[in-house]
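Remarks on the overall topology
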Amino acid sequence: MLPFKDRIRLWAIRLRYCYQTKVRHMDIDKSALVSFGTKLDKVNPRGIHIGAETYIASGTRILTHDYCMKRHADTYIGRPCFIGADVIVLGGVRVGDEVIVGAGAVVTKDVPSNCVVAGNPARIIRQGISTGKYGQLKKQLSQ
(Lines give C-alpha, C1' and ligand atoms only; values in the text may rest on other atoms or scores of the structure.)
Protein backbone atom coordinates (compact mmCIF):
# COMPACT_ATOMS: atom_id res chain seq x y z
CA MET A 1 0.00 0.00 0.00
CA LEU A 2 1.25 3.47 -0.88
CA PRO A 3 2.20 5.91 1.89
CA PHE A 4 -0.43 8.54 2.68
CA LYS A 5 1.63 11.34 1.11
CA ASP A 6 1.85 9.47 -2.22
CA ARG A 7 -1.88 8.69 -2.21
CA ILE A 8 -2.67 12.39 -1.71
CA ARG A 9 -0.30 13.33 -4.55
CA LEU A 10 -1.90 10.81 -6.94
CA TRP A 11 -5.36 12.03 -5.96
CA ALA A 12 -4.31 15.65 -6.63
CA ILE A 13 -2.84 14.70 -10.03
CA ARG A 14 -6.06 12.92 -11.00
CA LEU A 15 -8.17 15.89 -9.82
CA ARG A 16 -6.03 18.32 -11.85
CA TYR A 17 -6.31 16.08 -14.92
CA CYS A 18 -10.12 16.04 -14.60
CA TYR A 19 -10.21 19.83 -14.28
CA GLN A 20 -8.00 20.32 -17.35
CA THR A 21 -9.90 17.87 -19.55
CA LYS A 22 -13.50 18.29 -18.36
CA VAL A 23 -13.67 21.96 -17.39
CA ARG A 24 -10.96 23.51 -19.59
CA HIS A 25 -11.47 20.97 -22.44
CA MET A 26 -7.76 20.35 -23.01
CA ASP A 27 -6.91 17.25 -25.05
CA ILE A 28 -4.52 15.41 -22.71
CA ASP A 29 -4.15 11.64 -22.87
CA LYS A 30 -4.78 9.82 -19.58
CA SER A 31 -1.32 8.25 -19.67
CA ALA A 32 0.49 11.60 -20.05
CA LEU A 33 2.25 13.06 -17.01
CA VAL A 34 2.10 16.83 -16.65
CA SER A 35 4.11 18.24 -13.72
CA PHE A 36 2.39 20.55 -11.25
CA GLY A 37 4.81 23.34 -12.18
CA THR A 38 3.79 23.28 -15.85
CA LYS A 39 1.87 26.30 -17.16
CA LEU A 40 -0.74 25.43 -19.79
CA ASP A 41 -2.26 28.34 -21.73
CA LYS A 42 -5.62 29.40 -20.32
CA VAL A 43 -6.44 31.84 -23.15
CA ASN A 44 -7.13 29.02 -25.62
CA PRO A 45 -7.19 25.82 -23.53
CA ARG A 46 -8.93 23.77 -26.24
CA GLY A 47 -5.80 24.23 -28.36
CA ILE A 48 -3.61 22.06 -26.12
CA HIS A 49 -3.11 18.49 -27.37
CA ILE A 50 -0.76 16.14 -25.47
CA GLY A 51 -0.18 12.55 -26.63
CA ALA A 52 0.01 9.28 -24.76
CA GLU A 53 2.91 8.48 -22.42
CA THR A 54 4.39 11.97 -22.70
CA TYR A 55 6.13 13.59 -19.73
CA ILE A 56 6.21 17.37 -19.31
CA ALA A 57 8.61 18.60 -16.62
CA SER A 58 8.17 21.47 -14.19
CA GLY A 59 8.44 25.06 -15.35
CA THR A 60 7.41 24.30 -18.92
CA ARG A 61 5.03 26.75 -20.61
CA ILE A 62 2.82 25.63 -23.48
CA LEU A 63 1.15 28.46 -25.36
CA THR A 64 -1.79 28.34 -27.76
CA HIS A 65 -2.11 31.99 -28.69
CA ASP A 66 -0.08 34.93 -29.92
CA TYR A 67 -1.34 38.20 -28.46
CA CYS A 68 0.68 40.43 -30.81
CA MET A 69 -0.60 38.67 -33.95
CA LYS A 70 -4.13 38.32 -32.52
CA ARG A 71 -4.36 34.60 -33.29
CA HIS A 72 -5.20 31.35 -31.56
CA ALA A 73 -3.45 28.20 -32.75
CA ASP A 74 -3.51 24.59 -31.62
CA THR A 75 -0.28 23.25 -30.12
CA TYR A 76 0.39 19.52 -30.46
CA ILE A 77 2.84 17.38 -28.51
CA GLY A 78 3.22 13.82 -29.82
CA ARG A 79 3.61 10.52 -28.02
CA PRO A 80 5.80 9.33 -26.12
CA CYS A 81 7.82 12.53 -25.73
CA PHE A 82 9.89 14.12 -22.99
CA ILE A 83 9.66 17.88 -22.57
CA GLY A 84 12.43 19.09 -20.21
CA ALA A 85 12.24 21.66 -17.42
CA ASP A 86 11.59 25.31 -18.25
CA VAL A 87 10.83 24.72 -21.94
CA ILE A 88 8.64 27.21 -23.82
CA VAL A 89 6.50 25.82 -26.65
CA LEU A 90 4.97 28.61 -28.74
CA GLY A 91 1.44 28.52 -30.09
CA GLY A 92 0.79 26.63 -33.30
CA VAL A 93 3.84 24.37 -32.97
CA ARG A 94 3.67 20.61 -33.62
CA VAL A 95 6.12 18.42 -31.74
CA GLY A 96 6.29 15.00 -33.43
CA ASP A 97 6.26 11.54 -31.85
CA GLU A 98 9.26 10.25 -29.88
CA VAL A 99 10.88 13.66 -29.37
CA ILE A 100 13.08 14.83 -26.51
CA VAL A 101 13.19 18.58 -25.88
CA GLY A 102 16.17 19.70 -23.78
CA ALA A 103 15.72 21.83 -20.66
CA GLY A 104 15.30 25.55 -21.28
CA ALA A 105 14.63 25.20 -25.01
CA VAL A 106 12.33 27.60 -26.83
CA VAL A 107 10.39 25.69 -29.47
CA THR A 108 9.41 28.19 -32.18
CA LYS A 109 8.89 25.85 -35.15
CA ASP A 110 7.52 22.37 -35.80
CA VAL A 111 9.73 19.50 -34.63
CA PRO A 112 9.86 16.28 -36.71
CA SER A 113 9.45 12.87 -35.06
CA ASN A 114 12.35 10.84 -33.64
CA CYS A 115 14.79 13.60 -32.74
CA VAL A 116 16.34 15.55 -29.88
CA VAL A 117 16.08 19.35 -29.89
CA ALA A 118 17.65 21.94 -27.60
CA GLY A 119 18.56 25.61 -27.46
CA ASN A 120 16.98 28.99 -28.08
CA PRO A 121 15.54 28.75 -30.65
CA ALA A 122 15.33 24.94 -30.47
CA ARG A 123 17.42 23.15 -33.10
CA ILE A 124 17.77 19.48 -33.93
CA ILE A 125 20.89 18.07 -32.29
CA ARG A 126 20.24 14.37 -32.92
CA GLN A 127 17.98 12.43 -35.28
CA GLY A 128 16.83 8.85 -35.64
CA ILE A 129 16.22 8.24 -31.94
CA SER A 130 13.63 6.00 -30.38
CA THR A 131 11.93 6.61 -27.04
CA GLY A 132 10.04 4.44 -24.62
CA LYS A 133 7.44 5.31 -22.03
CA TYR A 134 7.56 8.98 -20.96
CA GLY A 135 10.19 9.81 -23.56
CA GLN A 136 13.02 7.77 -22.06
CA LEU A 137 15.73 7.32 -24.68
CA LYS A 138 16.11 3.72 -25.77
CA LYS A 139 19.64 2.38 -26.19
CA GLN A 140 20.96 3.06 -29.67
CA LEU A 141 23.50 0.90 -31.46
CA SER A 142 26.74 2.80 -31.99
CA GLN A 143 27.18 3.84 -35.59
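Here the structure is a predicted model, which means the values were calculated and not measured.

1. Some points on the overall build of the chain
Helices and strands together make up the secondary structure of the chain, namely 1 helix and 16 strands. A globule of 143 residues ought to have a C-alpha radius of gyration of about 15 Å, and the chain, at 15 Å, matches this closely. If one aligns the C-alpha atoms of the chain with their principal axes, the spans along those axes are about 45 × 45 × 20 Å. Counting every position in the chain, which comprises 143 residues, the buried fraction comes to 39%. As presented, the chain carries roughly 8,700 Å² of accessible surface, and 55% of it is formed by carbon and sulfur atoms. Averaged over its 22 positive side-chain charges, the chain has a centre that lies 4 Å from the centre of its 11 negative ones.

2. Here's the deal with the environment of E98
Within the secondary structure, E98 sits in the loop between β12 (94-95) and β13 (99-101). Separated by 19 residues in the primary sequence, E98 and V117 place their C-alpha atoms 11 Å from one another. Apart from the residues within four sequence positions on either side, E98 is in contact with R79, P80, C81, N114, C115, I129, S130 and T131. Looking at E98, its side chain comes within polar contact range of the main-chain nitrogen of T131, at 2.9 Å.

3. Brief notes about helix α1 (residues 4-23)
In a regular helix each residue adds 1.5 Å, so 20 residues correspond to 28 Å; α1 covers 28 Å between its end C-alpha atoms and thus fits that length. Residues of α1 that are buried: R16, Y17, Q20 and T21. The buried residues of α1 all sit within an arc of 120° when viewed along its axis, so they share a single face. Residues of α1 that are exposed and point more than 90 degrees away from the buried face comprise F4, W11, K22 and V23. Against β1 (27-28), β2 (33-34) and β3 (39-40) lie the buried residues of α1.

4. Observations concerning the nonpolar core
Within the largest apolar cluster, 24 residues are counted, with the highest numbers of intra-cluster contacts made by I28, I50, V95, V101 and V107. Secondary structure elements with two or more residues in this core: β4 (48-50), β13 and β15 (115-118).

5. Here's the deal with unusual backbone geometry
Looking along the chain, the bond that leaves N120 and enters P121 is cis, with omega of -5°. Positionally, P121 belongs in the loop between β15 and β16 (123-127). Residue K70 is not a glycine yet carries a positive backbone phi of 55°. For K70, the location among the structural elements is in the loop between β7 (65-66) and β8 (71-72). Phi angles above zero are rare outside glycine, and N114 is one such case at about 60°. Within the secondary structure, N114 sits in the loop between β14 (106-107) and β15. By relative accessible area, N114 is classed as partly exposed at 28%.

Thresholds applied
- Residues numbered from 1 in each chain as written.
- Predicted model: local features only at pLDDT ≥ 70, side-chain atom pairs only at ≥ 80, totals over all residues.
- Heavy atoms only, no water.
- Helix = DSSP H or I, 4+ residues; strand = E, 2+ residues; numbered from the N terminus.
- Rg over C-alpha atoms; globule rule 2.2 N^0.38 Å.
- Buried < 20%, exposed > 50% of the residue type's maximum accessible area, 1.4 Å probe, protein only.
- Areas by Shrake-Rupley, 256 points an atom, 1.4 Å probe, with all protein chains shown as cover.
- Lys, Arg positive; Asp, Glu negative; His and termini not counted.
- Charge placed at Lys NZ, Arg CZ, Asp CG, Glu CD.
- Contact = heavy atoms within 4.5 Å.
- Polar contact = N/O pair within 3.5 Å; in protein donor to acceptor, adjacent residues only side chain to side chain.
- Expected span 1.5 Å × (residues − 1).
- Arc of directions from axis to C-beta.
- Core = buried A, V, L, I, M, F, W, Y, C linked by side-chain atoms within 4.5 Å.

Without other data, these values stay purely geometric and don't point to any function.
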